[in-house]
Amino acid sequence: MKKMTKIKTFLKASSIGLLTLGLFFTTFSCEEDTEFNLGPVLASHQDGIQNLDEEGIDCGGSSGVVCPSCTDGIQNQGEEGIDCGGPCMMCIPTPRADALASSAIPYYFTFEANDAASGRNLVPLPQANQGVTFNLGAADPAGSDDLVGQILRPQNGPFGGFEDFKFQPQPGPIDFSTYDKFTLDVYIPSSNDFSGNLEPLVEVILHDNVDGNFFQRWTVIGVSVDASDFDSWVTLRFDGTNAVSADTGTFLRDNTTYDNITLRFGGSGHTEAGEFFIKDLKTTTSFVAPGTPRADALASSGLPVYYTFETGDASSGLNLIPVADANQGVVPNYGVADPAGSDNGVARILRPANGPFGGFEDFKFQPQSDPIDFSVYHKFKLDVYIPSSNDFSGNLVPLVELILHDNVDGNFFQRWTVIGVTVDPADFDSWVTVEFDGTNAMSAADGTLLPANDTYDNYTLRVGGFGHVEAGEFFIKDFVPFE
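Residues numbered from 1 in each chain as written. Predicted model: local features only at pLDDT ≥ 70, side-chain atom pairs only at ≥ 80, totals over all residues. Heavy atoms only, no water.

In globular proteins that are soluble, nonpolar side chains generally tend to be buried together. Formed by 36 residues in total, the largest nonpolar core has its most connected members in Phe-309, Phe-365, Leu-382, Phe-436, Tyr-459, Leu-461 and Phe-479. Elements with a minimum of two residues in this core: β15 (345-351), β17 (379-385), β18 (399-405), β19 (417-422), β20 (431-437), β21 (458-463) and β22 (472-482). Contacts of Phe-436, omitting those with residues within four sequence positions, involve His-378, Lys-379, Phe-380, Leu-382, Val-400, Glu-401, Leu-402, Ile-419 and Val-421. Of all hydrophobic cores here, the second largest spans 35 residues; its members include Tyr-107, Phe-167, Leu-184 and Phe-230. (Core = buried A, V, L, I, M, F, W, Y, C linked by side-chain atoms within 4.5 Å. Buried < 20%, exposed > 50% of the residue type's maximum accessible area, 1.4 Å probe, protein only. Helix = DSSP H or I, 4+ residues; strand = E, 2+ residues; numbered from the N terminus. Contact = heavy atoms within 4.5 Å.)

According to the stated counting rule, one finds two disulfides in the structure shown. Each sulfur in the disulfide pair Cys-59 and Cys-67 lies 2.0 Å from the other. Across the S-S bond of Cys-59 and Cys-67 the torsion is about 100°, and the bridge reads as right-handed. Residue Cys-59 shares its accessibility class with Cys-67, and that shared class is buried. (Disulfide = S-S within 2.5 Å.)

Quick look at the sheet that holds β19 now. Across a sheet, strands are paired by hydrogen bonds formed along the backbone, either parallel or antiparallel in direction. An order of β16-β21-β18-β19 is seen for the four strands of this open sheet, with the pairing classed as antiparallel. The two strands at the open ends of the sheet, each matched to only one other strand, are β16 (363-364) and β19. Bridge analysis of β18 against β19 gives six bridges, and the strand direction is antiparallel. Residue pairing across strands places Ile-403 opposite Val-418, the latter belonging to β19. (Pairing = 2+ DSSP bridges.)

Our focus in this paragraph is the pairing of strand β11 (residues 274-284). Among the eleven residues of β11, nine are classified as buried, and the element is accordingly described as predominantly covered. With two bridges joining them, strand β1 (residues 108-109) and β11 adopt antiparallel strand pairing. Following the sheet pairing, Tyr-108 is matched in β11 by Lys-282. Pairing analysis gives five bridges linking strand β4 (residues 147-153) to β11, with the strands arranged antiparallel. From the neighbouring strand, Gly-149 faces β11, where its bridge partner is Ile-278. Pairing of strand β6 (residues 181-187) with β11 involves six bridges; the strand directions are antiparallel. The partner of Phe-182 across the bridge, within β11, is Thr-283.

In structure tokens form, the structure reads like this:
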């Protein structure tokens, strides 16, 4: 019991001591405020107060620090996105960018808003650093609910005829080895004056930022918009497959220095004004839709044969497979991009100069296992695109022929039926469906009408005519019989 009493006495004494000590320090503190006051704090650019000639707290004026703003291209000052939300205007919804967010493509920008919400790894430079004036999140001139970009190329712009729309440089070189193609949707108003130097030309420029002479090392891919496409949206394709740098001729896919993407509208080297609308810049590995969608659509048609040319194997057709390329007279390339701009996979057929068969260069399918029954299906159609770049001033002709024949011996041409269709020059540079009507077509051997023929076991196509060795380029798709 005594031990416990001593402990209580000690605690009581200690409590009194602590209280006395606390009063001592309290008294000392009050005296310190009086005796040691250092006076007012000197104004500076680091004092957390807006003073001197500052435009904000410790920024602007002679501070050397730029004040945060709603146009600085940085998400700061409580903004919900870059330069939007918080103290700035409301952030703009970006549904098209949201839809692309789960894609594998490394770069895209939809122009729905002027910040990272519109893209992946792409953010525009601030307006003050652009050659053009831009308005992102603008109303679609075609009337849809889409938000798009309006690009105004100014009269007598700041860069003497090289007014571009610039994205911020990437932190490291861009890898173009896989993604060396781009698409961009463009709307060009017919109100632009293209009678002078302004052009309906859109260019993708890939470059680095080492010094002011980057234009000596860049790769420029341009696409002109036809006047017939003014006042409507068109998807432009910028194909970097064969694009090279300006200085060394390095293919884009092999370039290891470029770190930036820039867009130019209206051409270069002039100071004329122009207005353009854009949306959805995307990089891609191919302009062709994957798979064989057209062949898949024909699978339930009940046709005996068909071939879409989306690939060079059986997946493109039914009961039709091309012979090996080494045995063709022409050079075929399957599943290439549609020259008219759709995402269809088609075939490019190159008729070579001085080809292997002395003027009889054909595209051949493998023979059928049995003679073909033409009694029901003796009419055929084929979609054909003939570029106007072909030289038809000589022996090359815009002629497409379907040849039905057998393979008994090397003299099959004595027993064939040839049905030819000539394409009008007015239809060059566009797809036309040519129809081969075998109703009254006869065999070369005995005049047998095709519907009654019971020996033919093969289909062949010929483009550009025969008996000459001139080169030509043709595109084809969807060889289909019909009743």
